[in-house]
Amino acid sequence: MKHQTKLWPLLLLSLLFLACSSPTKEQIFQRTALNANLVSAAYRPIYFTEILELKSKNNLPSTAKEYINSRTIAPLHEAIEKAKELKQTQDAQELISASLDYMVSGKRLFEKDYLRIAEMIDSGKSPEEVKIAIDQLFTTTETEMLNKQNRMVSVATVFAKEHRINYVVR
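Residues numbered from 1 in each chain as written. Predicted model: local features only at pLDDT ≥ 70, side-chain atom pairs only at ≥ 80, totals over all residues. Heavy atoms only, no water.

A few points about the nonpolar core
Thought 1: Counting residues in hydrophobic clusters, the biggest one holds 48 residues, and the most contacted among them are Phe48, Ile51, Ile68, Met103, Phe110 and Tyr114.
Thought 2: Elements represented by at least two residues in this core include exactly helix H2 (25-34), helix H3 (37-42), helix H4 (46-56), helix H5 (64-84), helix H6 (93-122) and helix H7 (127-162).
Thought 3: Dropping the residues within four chain positions of it, Ile68 is found in contact with Tyr47, Phe48, Ile51, Ile73, Tyr114, Leu115 and Ala118. (Core = buried A, V, L, I, M, F, W, Y, C linked by side-chain atoms within 4.5 Å. Buried < 20%, exposed > 50% of the residue type's maximum accessible area, 1.4 Å probe, protein only. Helix = DSSP H or I, 4+ residues; strand = E, 2+ residues; numbered from the N terminus. Contact = heavy atoms within 4.5 Å.)

This is how it looks when you write it as structure tokens:
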């Protein structure tokens, strides 16, 4: 009996640690739905217009390829890893899955197509050639990316409502 009383504080401390180490619903939402905004922010034709403008004004801090890697791909990779680390609870599983689907698709597109266009910019291709490549990229990927984004937003909206998280889609 005496040993059992000594174990209670240890047991309570362990339970407290386990309870505190699990992410809150808000943290789950941030690591999934809000971090998916990294894709939405970069997946737009004006993204390349901004790079071209920076380059024309000699304000591009490095190559277009390095710029995309550091400003878009690296943060997205980090966000994906954070989302993958989340525990797949029953109520969060669909949100984690939908956001990972959107983010991984975006990362794959950025690593392949965005870097290909960045190489065109770095090699001095004409703005017209670059614009054609950009238009082709968005023509061929827009439907799929929009579907993935809409699914993620739909699931995020339900999750936010269920857990009383303030979430407004703009």
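Description of the layout of surface pockets
One simple way to see leftover space: roll a probe sized like a water molecule over the atoms.
Thought 1: Computed from the structure, the largest pocket encloses a volume of approximately 200 Å³.
Thought 2: Around the largest pocket, the lining residues are Ala33, Asn37, Ser40, Gln149, Asn150, Met152, Val153, Tyr167, Val168, Val169 and Arg170.
Thought 3: For the lining of the largest pocket, the secondary-structure elements that each account for two or more residues are H3 and H7.
Thought 4: Among the elements that take part in the lining of the largest pocket, H7 stands out by supplying four residues, more than any other.
Thought 5: Grouping the amino acids of the lining of the largest pocket by side-chain chemistry returns six nonpolar, four polar and one charged.
Thought 6: By volume, the second largest pocket amounts to about 170 Å³.
Thought 7: Around the second largest pocket, the lining residues are Leu38, Ala41, Ala42, Arg44, Tyr47, Glu50, Ile51, Tyr67, Arg71 and Thr72. (1 Å grid on protein atoms, 1.4 Å probe; cavity = no way out; pocket = protein on both sides within 12 Å on 5 of 7 lines; lining within 4 Å. Points joined across faces, edges and corners; volume = space filled by probe spheres on them. Nonpolar A, V, L, I, M, F, W, Y, C, P; charged D, E, K, R; others polar.)

Thoughts on H5
Every α-helix winds through 3.6 residues per turn, so residues three or four apart in the chain are directed the same way.
Thought 1: Taking 1.5 Å of rise per residue, 21 residues should cover 30 Å, and H5 covers 29 Å from first to last C-alpha, within 8% of that figure.
Thought 2: In H5, a bend of some 35° at Ile73 exceeds every other bend along the element, and Pro75, a proline, comes one to four places later.
Thought 3: For H5, the elements touching its buried residues are H2, H3, H4 and H6. (Expected span 1.5 Å × (residues − 1). Bend = angle between axes of the 7 residues up to and from the residue.)

Describing the environment of Pro45
Thought 1: Here Pro45 shows up in the loop between H3 and H4.
Thought 2: Separated by 90 residues in sequence, Pro45 and Asp135 place their C-alpha atoms 7.7 Å apart.
Thought 3: Contact partners of Pro45, with chain neighbours within four places excluded, come to Ile134 and Phe138.

Things to note about the side chain of Ser105
Thought 1: Structurally, Ser105 is set in helix H6.
Thought 2: For Ser105, a relative accessible area of 6% corresponds to the buried category.
Thought 3: A polar side-chain atom of Ser105 sits 2.9 Å from the main-chain carbonyl oxygen of Asp101.
Thought 4: Ser105 has contacts with Leu100, Met145 and Lys148, leaving out every residue within four places of it along the chain. (Polar contact = N/O pair within 3.5 Å; in protein donor to acceptor, adjacent residues only side chain to side chain.)

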